[in-house]
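These are the residues of each chain, in order.
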Amino acid sequence: MGADAVPGGTGASPPDETPGLADGTSLGVTSEVGALRAVLLHRPGDELRRLTPRNNDQLLFDGIPWVERAQQEHDTFANVLRDRGVEVLLLADLLAETLAVSGAARIQGISAGVDARRLGHALADELAAYLRGVPAAELADILMAGMTFDELPFGPTTASLVRRMHHGADFVIDPLPNLLFTRDSSFWVGPRVAITSLALPARMRETSLTDLIYAFHPRFLGVRRAYESHTAPIEGGDVLLLASGVLAVGVGERTSPAGAEALARSLFDDELAHTVLVVPIAQNRATMHLDTVCTMVDTDAVVMYPAVRDSLRAFTIRRENSYGGRGGGDGVSMRGPDPFLPAAAEAMGIGKLRVIDTGLDGVTAEREQWDDGNNTLALAPGVVVAYERNEMTNARLMDAGIEVLPIPGSELGSGRGGPRCLSCPLARDDV
């Protein structure tokens, strides 16, 4: 599918049609720190209540969150954003509205959720037929929170070997507890949205729901695609918009080298970027994404885990003036690996990146990195939202002149993600 194509047969959007917010602000993001105008969040729901000690590891959670407290913490986060003038759009609301207005969205959502390869055609066909008649809000809940065999809406006499051989608490449709982290399934580059390919099985279906919203919800009609990957893994937590036209992409547990290169070439094709820094990171849970070790807090400043400050390297991929365009091999230069910080500063056209370390000692830094001390969300240059528990990192940010808006995160953090992970900016001012 081409970069401009919209799933479901709606075709390419006119190039001069720019969807916007109610106040006239255009959708689009060109940096990590421009004043935030609109954001996509997902309030924790019944999908988190599906987590048990038997499945939490498979579903990528380190513990069993207290759902009501997680909801309270998330509400606090959303209200901090609203109090700063940010329009907050909630994924569950958008999904229900999308399913209500679009039959194509309903069909695609059901198709993604009901897997005939796992359920067998008899049970899959019966379940899909039932779901096609379910009200939009209820269908949205099922697609997000999943369904067990015990919850099947038709009797146990169905001629299905799969049903006879599964336990009642097994999932017919898997829940998606990681929907909470809206950063990963989509991100914006300039006026376009990139739909990603999530690496781990527990998260792969998340993009199908995000895709439906961008393709069929009236708020996003006319939005064009920057990138769509159906093969090479790439996740939004690995993508930092360092400056207009300059991106850093982490390659580690979740994003592959092929995914990073495919993104770079797609952005070059659409003239959305001229430089992409590909940054290898350790392939472990503590550093699952680039934004778990480094996020921008000002136009020239990052908060960074000190253990990687001097060891991070970057391969610089640059679009040259002789770039041959889509399908061509000419006009792309590659350099490196070089030290990340000076390579980033050079690509951004600044003398030096200011670095604010996480913690003063190794033990504190390691603890606060694990608790997402580096994972901040900038609301404007020099203004960030951060988890309140990372006291040392927040103090160092404030000492460096950064305004810190602390939020609770004892339950939200059980899936390993901070304020940046929890948010997908839809509109920022240019800086």
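Residues numbered from 1 in each chain as written. Predicted model: local features only at pLDDT ≥ 70, side-chain atom pairs only at ≥ 80, totals over all residues. Heavy atoms only, no water.

What about the overall build of the chain?
Then, number 1: Tallying secondary structure elements over the chain gives 13 helices and 19 strands in all.
Then, number 2: Sorting the 431 residues of the chain into buried and exposed places 59% on the buried side.
Then, number 3: Across the chain, the fraction of contacts at a sequence separation of at least 24, relative to all contacts at a separation of at least 6, is 73%.
Then, number 4: Put simply, the chain shows about 16,900 Å² of open surface, and 51% of that area lies on carbon and sulfur atoms. (Helix = DSSP H or I, 4+ residues; strand = E, 2+ residues; numbered from the N terminus. Buried < 20%, exposed > 50% of the residue type's maximum accessible area, 1.4 Å probe, protein only. Contact = heavy atoms within 4.5 Å. Areas by Shrake-Rupley, 256 points an atom, 1.4 Å probe, with all protein chains shown as cover.)

Remarks on the sheet that holds strand E10 (residues 275-280)
Then, number 1: Across the sheet, five strands lie side by side as E8-E9-E10-E13-E14; this open sheet has mixed pairing. A single partner strand is all that each edge strand has here, and the edge strands are strand E8 (239-243) and strand E14 (332-339). Strand-to-strand twist across the sheet, computed as the mean angle between neighbouring axes with direction ignored, equals 20 degrees.
Then, number 2: One ladder, built from six bridges, connects strand E9 (residues 246-251) with E10; its direction is parallel. Residue leucine 247 lies in a different strand from E10, and its bridge partner there is valine 276. (Pairing = 2+ DSSP bridges. Axes fitted to C-alpha atoms, helices over the stretch in contact; angles between N-to-C directions.)

Digging into the packing of helix H3 (residues 103-113) against helix H8 (residues 206-216)
Each pair of packed helices can be described by the angle between their axes along with the distance between the axes.
Then, number 1: It is the contact of H3 with H8, at a shortest axis distance of 10 Å, that shows an interaxial angle of 170 degrees. With respect to each other, H3 and H8 are oriented roughly antiparallel. Side by side, H3 and H8 meet where Ala104, Ala105, Gln108, Gly109 and Ala112 of the first sit next to Ser208, Leu212 and Phe216 of the second.
Then, number 2: Grouping the amino acids of the contact of H3 with H8 by side-chain chemistry returns five nonpolar, three polar and no charged. (Parallel < 35°, antiparallel > 145°, perpendicular 65-115°, else oblique. Nonpolar A, V, L, I, M, F, W, Y, C, P; charged D, E, K, R; others polar.)

Notes on H3
Then, number 1: Every buried residue of H3 is accounted for by Ala105, Arg106, Gly109, Ile110 and Gly113. For H3, the angular spread of the buried residues around the axis is 125 degrees, confining them to a single face. When the buried face of H3 is taken as reference, the exposed residues oriented beyond 90 degrees from it are Ile107 and Ser111.
Then, number 2: Residue serine 102 occupies the N-cap position of H3, its side-chain oxygen lying 3.4 Å from the main-chain nitrogen of alanine 104. (Arc of directions from axis to C-beta. Polar contact = N/O pair within 3.5 Å; in protein donor to acceptor, adjacent residues only side chain to side chain.)

Considering the sheet that holds strand E11 (residues 294-298)
By way of backbone hydrogen bonds, the strands of a sheet pair with one another, either parallel or antiparallel.
Then, number 1: On the basis of which strands lie adjacent, the open sheet formed by three strands has the order E11-E12-E15 and mixed pairing. Pairing within the sheet leaves two strands with one partner each, and these edge strands are E11 and strand E15 (354-357). Strand-to-strand twist in this sheet, taken as the mean axis angle between neighbours without regard to direction, amounts to 30 degrees.
Then, number 2: Relative to strand E12 (residues 301-304), helix H11 (residues 340-348) is tilted by about 155 degrees, and along the sheet it contacts E11, E12 and E15.

Some points on the confidence of the model for the chain
Then, number 1: Looking at the chain, the pLDDT average stands at 87 and 90% of residues meet or exceed 70.
Then, number 2: Considering only residues more than four positions removed or in separate chains, one finds that residues 1-17, a stretch of pLDDT under 50, has 37 contacts. (pLDDT = per-residue confidence, 0-100.)

Here we look at the nonpolar core
A general tendency of soluble globular proteins is for nonpolar side chains to be buried together.
Then, number 1: Among the nonpolar cores identified, the biggest contains 72 residues, and Leu127, Leu131, Trp188, Tyr214, Phe220 and Leu426 are the most heavily contacted of them.
Then, number 2: Non-local contacts of leucine 426, meaning those with residues more than four positions away in its chain, are made with Leu27, Gly28, Val29, Ala38, Val39, Leu40, Leu89, Trp188, Tyr214 and Phe220.
Then, number 3: Met296, Ala301, Ala365 and Val404 belong to the second-largest nonpolar core, a separate cluster that totals 37 residues. (Core = buried A, V, L, I, M, F, W, Y, C linked by side-chain atoms within 4.5 Å.)

Here's the deal with the side chain of threonine 376
Then, number 1: Position of threonine 376 among the secondary structure elements: in the loop between helix H12 (362-370) and strand E16 (377-380).
Then, number 2: Judged by its relative accessible area of 2%, threonine 376 falls in the buried class.
Then, number 3: Among the polar contacts made by the side chain of threonine 376, one reaches the side chain of threonine 295 at a distance of 2.9 Å.
Then, number 4: Sequence-distant contacts of threonine 376, that is, excluding residues within four places in its chain, are made with Thr295, Met296, Val297, Val303, Val384, Val385, Ala386, Leu397 and Arg420.

Side note on unusual backbone geometry
Most of the time, phi is negative for any residue but glycine, and the peptide bond is trans.
Then, number 1: Going from glycine 336 to proline 337, the amide bond is cis rather than trans, its omega being 10 degrees.
Then, number 2: Mapping proline 337 onto the fold places it in strand E14.
Then, number 3: One non-glycine residue, glutamate 271, adopts positive backbone phi at about 55 degrees.
Then, number 4: In this fold, glutamate 271 is placed in the loop between helix H9 (257-269) and E10.
Then, number 5: Take glutamate 271: its relative accessible area is 62%, and that puts it in the exposed class.

A look at the environment of proline 44
Then, number 1: Looking at the element boundaries, proline 44 is found in the loop between strand E1 (36-41) and helix H1 (67-83).
Then, number 2: Judged by its relative accessible area of 2%, proline 44 is buried.
Then, number 3: Each C-alpha atom of the pair proline 44 and proline 177 lies 7.9 Å from the other, and the pair is 133 residues apart in sequence.
Then, number 4: Sequence-distant contacts of proline 44, that is, excluding residues within four places in its chain, are made with Ala70, Gln71, His74, Leu180 and Leu412.

With respect to the pattern of salt bridges
Then, number 1: The full count for this structure, using the stated rule, is 22 salt bridges.
Then, number 2: The residue arginine 43 makes a salt bridge to aspartate 75 at a minimum N-O spacing of 2.8 Å. Highlighted residues: arginine 43 in the loop between E1 and H1 and aspartate 75 in helix H1, separated in sequence by 32 residues.
Then, number 3: Residue arginine 43 is classed as partly exposed on the basis of its relative accessible area of 35%. (Salt bridge = Lys/Arg side-chain N within 4 Å of Asp/Glu carboxyl O.)

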